[in-house]
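# Residue-level structural notes
In case you want the letters, here they are:
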Number of protein chains: 2
Amino acid sequence: MSEANASEADLIISAPWIVPVVPSNTVLMDHAVAIKNQRIVALAPRSEITQQFNASESITLETHALIPGLVNAHGHSPMALFRGIADDIPLKQWLEDRIWPLEGQYVSREFVRDGSLLAMAEMISGGTTCFADMYFYPDEVAKACLESKMRVQLASPVLDFPTAWAQDADEYISKATQLHDDYRSSELVYTAFGPHAPYTVSDEPLMKIAALANELDIPIHIHMHETAQEVTDALAADGRRPLQRMAELNLVGPRLVNVHATQLTAEEMAMLAEQGASVIHCPSSNLKLASGLCEVEKLRQTGVNVALGTDGAASNNDLDMFGELQLAAMVAKAVAEDPQALPAAAALEMATINAARAMGLDGDIGSLEAGKYADIAAVNLDSLSTIPVNNVISHLAYAVQAHHVSDLWCGGDELLRNGELVTLDLPYIKQRAGHWQQTFQES
Amino acid sequence: MSEANASEADLIISAPWIVPVVPSNTVLMDHAVAIKNQRIVALAPRSEITQQFNASESITLETHALIPGLVNAHGHSPMALFRGIADDIPLKQWLEDRIWPLEGQYVSREFVRDGSLLAMAEMISGGTTCFADMYFYPDEVAKACLESKMRVQLASPVLDFPTAWAQDADEYISKATQLHDDYRSSELVYTAFGPHAPYTVSDEPLMKIAALANELDIPIHIHMHETAQEVTDALAADGRRPLQRMAELNLVGPRLVNVHATQLTAEEMAMLAEQGASVIHCPSSNLKLASGLCEVEKLRQTGVNVALGTDGAASNNDLDMFGELQLAAMVAKAVAEDPQALPAAAALEMATINAARAMGLDGDIGSLEAGKYADIAAVNLDSLSTIPVNNVISHLAYAVQAHHVSDLWCGGDELLRNGELVTLDLPYIKQRAGHWQQTFQES
């Protein structure tokens, strides 16, 4: 129903249920979103939207919930090629005996491109519109993102030791700042510093990163207190817990993104809350490597921003954010010994708005609100594990499966339509995965 | 290629990978199964099978792994209708304030029929061919199973208190023996006694059940040591832990199926191992209700048969055995603080042969072996979360999703073909789920 004084919109999507995430724990019935120039311009009852806007395209979903595109706050996308290649062994052995040698042998521009495209195809199919990524050749991941039209924050890696990507900390850092310069005006590709971990990066580069991150206004994304061993080793080496060393190096602040954080004292939690730092919880990886159990509920109660990440597919072994969300919601209860810990709505926030906040992007993504990018997932609730629809938010946390995502938009661009990839070439991605499968088998 | 002296078969299925589960941790490349009169008659390299058998039908799968149909060792199928209706609250409150009143209000023959059909549709879609079920009106579930052509073991409920199904323990028990008589010659419907829990069934009916179970040669399927509170309450009531009381009542033996068992001492584990009793691990339910953590690896090391169950969808909230398998494999590592605990192949055994063993059906199902029923799932590994196929068994435990199951046979009957239900009427099932959704909303 077009009206003379109506506004123009590019797209209107209406659905029986919309879960905007902000405000929290809210299900809007029979609402619609209007989208113009990549952004949501209005979210209101269906009838109001159709009166207020003339849209070039209108989509009416009959059995779906619209939610913000999921935000995967930590991963190593190219490692999708390594899924299943090293299971059922401890982190140290997994890294030192398997993953690092494999990376030494295979990681190249070609590997990173093929792996990140595979990862993006999987993430798009499961409702993820944005991800934080820490890997070598981040410039290749950036190019792949422009192709897929997904949003990414590239945590450009920094290590003390040489890899195919850089020779020393200075070169890693200069490549990170270069990447930032190259994409500073991009609306899809964002950057961060990605010092690998306290135990692989020494004081001098960390201080440099702290200064540069302030200057460039970007996050510092780092694996932190992943295992008890890491903390014990650090104490033995210089008498300090890693986070204390970070604090003394001036890294603890709102830019600090602590990935894993399975080992935190109450004082450390309070410090992170006070400083506005974030924790990225990666339950699959922590469980699978028996790294330790992140005390998600205690962190939440202390006021720390906790977001969710899949980690790389080599330690997960998939990139299914709905699976991760469900796992987080369940495991948090066991860890807190309280079935009321991390309720469904809070788990959904960890996979959306909290993740956006950790990346410093919560002004633009993470919820369905006017003014934000139209990063939107449509989840079909007319599925065998989600009927009857007794509770939409419960289903999103405890019953939805990745393949129930039917459609996905990032900045208003359609990435998935009726379960089919729009921007990526699936046969090509499969062919490349087959190539690497063969290569690993022959070696 | 038919040969003059070849044997007849009803169906031959060949695939690039077959994981028979027995022998353990084995992947057969380019093999085929031949099926005749509901059972597997041969499993051998593809070329041998095609030489040895003339089959009425031949199916060649190009990108699939064949595995035994999954066996869900514990659930309450009709509760699929209650999914999402009561979340994020403790077990006692969940049962007493929500589930029991809801059951009092709604449970009927119609509810059980509709709910169990929905549950079966979901289980079939996710690769499950057989399930153990404890619920009221098990005779309705039996009828639904004959319709779906799934295999079931009905743990006929016994309680001290009246419900719509029976008035007192004697009536529950007599209905259980009647059900056993009605289906004693069925190849799809098996029975067990299902005393709800030590705290809801008193000594006299338990002793009766022990005697009858021996006589009829069927399992005793019971919720056992689900929470610490249950054990504490029992100790306060009569000075004994529930399992000790069971032992004194003569219930602990190879027929005893202990569901949950999150609270076991080393001595209790040793007793269960020595007596050949089973434990059914339901990780989703235990985590979600914060009931406690089952020490799966310690049980395995002690020699106890541990199988896997989804529990009912009201506490899970889905019936996805692949999700359950993945969760079990991950959580066991955290609980044991050992990433080598419950490796992929062992997790797969919990969802197949160990579950069959708990049900006393391991002579007939739970692995792909000549002589057993042709209960077979085909899993498409050409999926975005399972390429590259670096390790088939790892993928089955850590990366396969329910919807990757493309085809499913139970006793050689096709239940799922290319992802579509064959035996069940999906529109009817959805319509009935919609009816109950409406009914709950209006009340």
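All values reported here derive from a predicted model rather than from experimental measurement.

Here we take up the overall build of chain A. A count of helices and strands for chain A gives 16 helices and 17 strands. Relative to the globule expectation of 22 Å for 443 residues, the C-alpha radius of gyration of chain A, 21 Å, shows essentially globular dimensions. Principal axes of the C-alpha set define a box for chain A whose edges measure 70 × 45 × 45 Å. Considering chain A as a whole, with its 443 residues, one finds that 65% of them fall into the buried category.

Residues and elements named next belong to chain A. Restricting attention to buried positions, one finds in helix 9 (residues 266–275) the residues E268, M269 and L272. Relative to the axis of helix 9, the buried residues are bounded by an arc of 100° and lie together on one face. Turned more than 90 degrees from where helix 9 packs its buried face, A266, E267 and E274 sit exposed. Immediately beyond the C-terminal end of helix 9, within one or two residues, lies G276, with a positive phi of roughly 75°.

Our focus in this paragraph is the packing of aromatic side chains. Taken as a whole, this structure holds 18 aromatic pairs over all chains when the rule is applied. For the ring pair W436 of chain A and F440 of chain A, a centre distance of 6.0 Å and an interplane angle of 35° mean the geometry is tilted. With a gap of four residues between them, W436 of chain A and F440 of chain A both fall in helix 16 (residues 426–442), about one helical turn apart. Judged by centre distance (5.3 Å) and plane angle (85°), the ring pair of F111 of chain B and W436 of chain B falls under edge-to-face. Here F111 of chain B is found in helix 3 (residues 109–125), whereas its partner W436 of chain B is found in helix 16 (residues 426–442), with 325 residues between them in sequence. Like F111 of chain B, the residue W436 of chain B is buried in the burial classification. Ring-pair connections join several aromatic residues into one group, and the members of that group are F82, Y106, F111, W436 and F440 of chain A. The ring of Y373 of chain B carries the charged tip of R39 of chain B above its face, separated from the ring centre by 3.9 Å. Looking at R151 of chain B, its charged tip hangs above the ring of Y373 of chain B, at a distance of 3.9 Å from the centre.

Formed by 258 residues in total, the largest nonpolar core has its most connected members in F82, W94 and F111 of chain A together with F82, W94 and F111 of chain B. For F111 of chain A, the residues in contact, after removing those within four places along its chain, are P78, L81, F82, Y106, Y135, W436 and F440 of chain A.

Residues and elements named next belong to chain B. For Q301, the position within the fold is in helix 11 (residues 296–302). As for Q301 and Q441, which are separated by 140 residues in sequence, their C-alpha atoms are 48 Å apart. Within the local environment of Q301, its side chain forms a polar contact with the side chain of E297, the two groups lying 2.5 Å apart.

Another aspect to go through is the layout of surface pockets. Picture a little ball the size of a water molecule; that probe, rolled over the atoms, points out where space is still empty. In this structure, the largest pocket encloses a volume near 1,400 Å³. Taken together, 47 residues form the lining of the largest pocket, with H403 and H404 of chain A together with H403, H404 and G419 of chain B sitting closest to its centre. Secondary-structure elements contributing two or more residues to the lining of the largest pocket are helix 3 (109–125), strand 15 (405–410), strand 17 (420–421) and helix 16 of chain A together with helix 3, strand 15 (405–410), strand 17 (420–421) and helix 16 of chain B. What the second largest pocket holds in volume is close to 780 Å³. L91, T227, A228, Q229 and E230 of chain A are, among the 39 residues lining the second largest pocket, the residues nearest its centre. No other element matches the seven residues that helix 7 (residues 228–238) of chain A contributes to the lining of the second largest pocket. A class-by-class count of the residues in the lining of the second largest pocket yields 23 nonpolar, seven polar and nine charged.

Contact residues are listed per partner, giving 59 residues for chain A and 59 residues for chain B. Together, D88, M330 and L384 of chain A form the three largest contributors to the area buried by chain A at its contact with chain B, with a combined 15%. Counting every contact that joins chain A to chain B gives four salt bridges. For K430 of chain A, the salt bridge goes to D382 of chain B, with nearest N and O atoms at 3.1 Å. In this assembly, chain A and chain B are joined by 24 residue pairs in polar contact (both at pLDDT 80 or more). Listed by contribution, the elements that provide at least two residues to the side of chain A that touches chain B are helix 3, helix 10 (283–288), helix 12 (321–336), helix 15 (392–398) and helix 16 of chain A.

With that settled, consider empty space enclosed by the protein. Under the criterion given, the structure shown has seven cavities of 30 Å³ or more. Each pocket or cavity is described by its volume, and for the largest cavity that value is around 380 Å³. When residues of the lining of the largest cavity are traced back to their parent elements, those giving at least two are helix 12 of chain A together with helix 12 (321–336) of chain B. With six residues, the single largest contributor to the lining of the largest cavity is helix 12 of chain A. Counted by class, the lining of the largest cavity contains nine nonpolar, ten polar and six charged residues.

For the rest of this paragraph, the subject is the relation of the copies chain A and chain B. With an RMSD of 0.0 Å, chain A superimposes on chain B once it is rotated by 180° and translated 0.0 Å along the axis. Look at the turn and shift together and you get a two-fold axis relating the two. In this assembly, 100% of the residues forming the interface of chain A have copies in chain B that are likewise at the interface, indicating an isologous arrangement.

The next subject is the packing of helix 3 of chain B against helix 4 (residues 138–148) of chain B. Describing two packed helices takes the angle between their axes plus the distance from one axis to the other. Residues and elements named next belong to chain B. The geometry of helix 3 relative to helix 4 is characterised by a closest axis approach of 9 Å and an angle of 40° between their N-to-C directions. Considered as vectors, helix 3 and helix 4 are oriented oblique to each other. The crossing of helix 3 and helix 4 is right-handed. The residues of helix 4 that touch helix 3, namely those facing R109, V112, R113, S116, L117, M120 and I124, are D139, E140, V141, A144, C145, E147 and S148.

Glancing now at the environment of K298 of chain B. Along the chain, K298 of chain B turns up in helix 11. Note: C-alpha distance between K298 of chain B and A266 of chain B (32 residues apart in sequence) is 8.6 Å.

Residue and element names in this part refer to chain A. For chain A, the assigned domains are domain 1 (3–68 + 373–421) and domain 2 (70–358). Between the C-alpha centres of domain 1 and domain 2 the distance comes to 29 Å. Of the residues lining the interface, 30 residues belong to domain 1; the matching set on domain 2 comes to 30 residues. Summing both sides of the interface, domain 1 and domain 2 together bury roughly 2,300 Å²; the carbon and sulfur share of this comes to 66%. Across the domain 1-domain 2 interface, the total number found is one salt bridge.

Right, let's talk about the state of the cysteines for a bit. Residues and elements named next belong to chain A. Tallied over the entire structure, the rule returns zero disulfides over all chains. Not part of a disulfide, C282 finds its nearest cysteine sulfur in C294, a span of 8.9 Å. Of all cysteine sulfurs, the one in C130 lies closest to C410, which takes part in no disulfide; the gap is 7.2 Å. By relative accessible area, C410 is classed as buried at 2%.

A few words now on the pattern of salt bridges. Residues and elements named next belong to chain A. This structure, assessed with the given rule, holds 54 salt bridges over all chains. The salt bridge partner of R151 is D375, with a shortest N-O separation of 2.8 Å. A residue pair is termed long-range when its members are at least 10 positions apart, and R151 in strand 8 (residues 151–158) and D375 in the loop between helix 14 (353–358) and strand 14 (376–380) qualify at 224 residues. Residues R151 and D375 agree in their burial class; the two are buried. With a closest N to O distance of 2.6 Å, E414 and R417 form a salt bridge. Residues participating in the shared-partner salt-bridge network are R109, D139, E140 and K143.

What follows concerns helix 3 of chain B. Residue and element names in this part refer to chain B. With 17 residues, helix 3 should reach 24 Å at 1.5 Å per residue; the first-to-last C-alpha distance of 24 Å fits that figure. Most of helix 3 is tucked away, with 14 of its 17 residues classed as buried. Positive phi appears at G127, one or two residues downstream of helix 3, with a value of about 95°.

The rules behind the values
- Residues numbered from 1 in each chain as written.
- Chains lettered and ligands numbered in written order.
- Predicted model: local features only at pLDDT ≥ 70, side-chain atom pairs only at ≥ 80, totals over all residues.
- Heavy atoms only, no water.
- Helix = DSSP H or I, 4+ residues; strand = E, 2+ residues; numbered from the N terminus.
- Rg over C-alpha atoms; globule rule 2.2 N^0.38 Å.
- Buried < 20%, exposed > 50% of the residue type's maximum accessible area, 1.4 Å probe, protein only.
- Arc of directions from axis to C-beta.
- Phe/Tyr/Trp six-rings, centres within 6.5 Å; stacked < 30°, edge-to-face > 60°.
- Lys NZ or Arg CZ within 6 Å of the ring centre and 35° of its normal.
- Core = buried A, V, L, I, M, F, W, Y, C linked by side-chain atoms within 4.5 Å.
- Contact = heavy atoms within 4.5 Å.
- Polar contact = N/O pair within 3.5 Å; in protein donor to acceptor, adjacent residues only side chain to side chain.
- 1 Å grid on protein atoms, 1.4 Å probe; cavity = no way out; pocket = protein on both sides within 12 Å on 5 of 7 lines; lining within 4 Å.
- Points joined across faces, edges and corners; volume = space filled by probe spheres on them.
- Nonpolar A, V, L, I, M, F, W, Y, C, P; charged D, E, K, R; others polar.
- Buried area = accessible area lost by both parts, 1.4 Å probe.
- Salt bridge = Lys/Arg side-chain N within 4 Å of Asp/Glu carboxyl O.
- Least-squares fit on C-alpha atoms with pLDDT ≥ 70 in both.
- Axes fitted to C-alpha atoms, helices over the stretch in contact; angles between N-to-C directions.
- Parallel < 35°, antiparallel > 145°, perpendicular 65-115°, else oblique.
- Left-handed = near helix turned anticlockwise from the far one by under 90°.
- Domains from an automatic or database assignment.
- Disulfide = S-S within 2.5 Å.
- Expected span 1.5 Å × (residues − 1).

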